[in-house]
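# Analysis of the macromolecular model
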Amino acid sequence: MKLDIMQVTNDRFTSRAFSVQHLSPYEYIKQFVDGKIVLDAGTATGYGVYYLSEKAGEAAGIDINEQEIENAQKEYSRDNLVFKVNSVLDIEFADEYFDIIISSQVIEHIQMDSLDKYLSEIYRVLKKRGIFFVSTLNLINNLKGRSPDDYDKSPLHVKEFRPDELKEFLLKKFSNVEILGLHRGSRHGFYNLLKKSGVFKRMPDVFNPVNKFYNKTIDLTDFVYSPSNLDNSFDLLGICKK
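Residue positions are counted from 1 within each chain, in the order its sequence is given. Whole-chain, interface and lining totals are the exception, using all residues; otherwise, since this is a predicted model, local features are given only for residues with pLDDT of at least 70 and side-chain atom pairs are given and counted only at 80 or more. Excluded from the side-chain calculations are hydrogens and water; all other atoms, namely the structure's heavy atoms, are used.

## So, helix α9 (residues 209-217)
Turning to α9, its buried residues are V210, F213 and Y214. Along the long axis of α9, the arc covered by the buried residues comes to 85 degrees, so they all point the same way. Polar contacts, as counted here, are pairs of nitrogen or oxygen atoms within 3.5 Å of one another; within protein the pair requires one atom able to donate a hydrogen and one able to accept it, and residues that are adjacent in sequence qualify only if both atoms are side-chain atoms. Runs of H or I in DSSP of at least four residues are treated as helices and runs of E of at least two as strands, each being numbered from the N terminus. If you check the start of α9, you find a side-chain oxygen 2.9 Å away from the backbone N of V210, and it comes from N208. For every residue, the accessible area (1.4 Å probe, protein chains only) is compared with the maximum for its type, and the residue is labelled buried under 20%, exposed over 50%, or partly exposed between those bounds. The directions from the helix axis to the C-beta atoms are what the arc is built from.

## Re the pattern of salt bridges
Where charged atoms of side chains with opposite charge meet at close range, the side chains can pair. Salt bridges are defined by distance alone: a side-chain nitrogen of Lys or Arg within 4 Å of a carboxyl oxygen of Asp or Glu. Under the criterion given, the structure shown has 13 salt bridges. Salt-bridge contacts for K159 lead to E165; the nearest nitrogen and oxygen are separated by 3.2 Å. Here the residues in one salt-bridge network are D95, K117, E121 and R124, joined through shared partners.

## Topic: the packing of helix α8 (residues 186-197) against α9
At their nearest, the axes of α8 and α9 sit 9 Å apart, and the two run at 135 degrees to each other. Classified by the angle between their axes, α8 and α9 sit oblique to one another. Viewed along their axes, α8 and α9 form a crossing whose handedness is left-handed. In contact with R187, H188, Y191, N192, L194 and K195 of α8, α9 contributes P209, V210, F213, Y214 and T217. Each residue receives one of three labels: charged for Asp, Glu, Lys and Arg, nonpolar for Ala, Val, Leu, Ile, Met, Phe, Trp, Tyr, Cys and Pro, and polar for the others, Gly being one of them. Of the residues that constitute the contact of α8 with α9, the class distribution is 6 nonpolar, 3 polar and 2 charged. Axis definition: a line fitted to C-alpha atoms, limited for helices to the stretch in contact. Angles are taken between N-to-C directions and run from 0 to 180 degrees. Angle categories: roughly parallel below 35 degrees, roughly antiparallel above 145, roughly perpendicular from 65 to 115, and oblique for all the rest. By convention the crossing between two helices is left-handed if the near helix lies anticlockwise of the far one by an angle smaller than a right angle, and right-handed if it lies clockwise. Throughout, a contact is declared for two residues whenever any of their heavy atoms are within 4.5 Å.

So, in structure tokens, the structure goes:
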């Protein structure tokens, strides 16, 4: 069964646009997973690894939250996919087991004194010539010109990264690191300009093209990754080759 974006929205997020944004790294990574052994480290409800398992040879999702894993097992079952209650700091798989590892919106939740352990565990279970993808919010974009002292960081986040900080951290273990930024695609950019203009603000939802786009039609083609203009990107995607 194909992944239903509205199911992801109802299960996990507050809007369709936010769901699509969080699914975007998995869409980008999907081109690399055909027939591969894939790990989603910090899988939450499992929607992302389920999406990748459409093409992967074997896939696994791990998370320390037992309830999340229980929900994933119920909602996102597939023959080549397993879910396990397991910490990303002590991954219960053999050395060099996975071809591809993704860890999306996880790194910002890890305690500072555990970050090196997290990266070492990822490196340990990744095969030679494997690829690790790490997605996280972009601190510079979130600051929106404010000083860090005036920034109301989520209480669930420990360390949020600037693009250069993320690359510097990943280079502790990987010698080949690229950082991409997630941006609006052309259609998304057009509707964002309409939204900012306020032209349709007073129009009933049933006729409002801006609301229709954000609530009903925005899809994975409306976000794009680029190595350019990283500071203004929504999220960062680190690509680490072993």
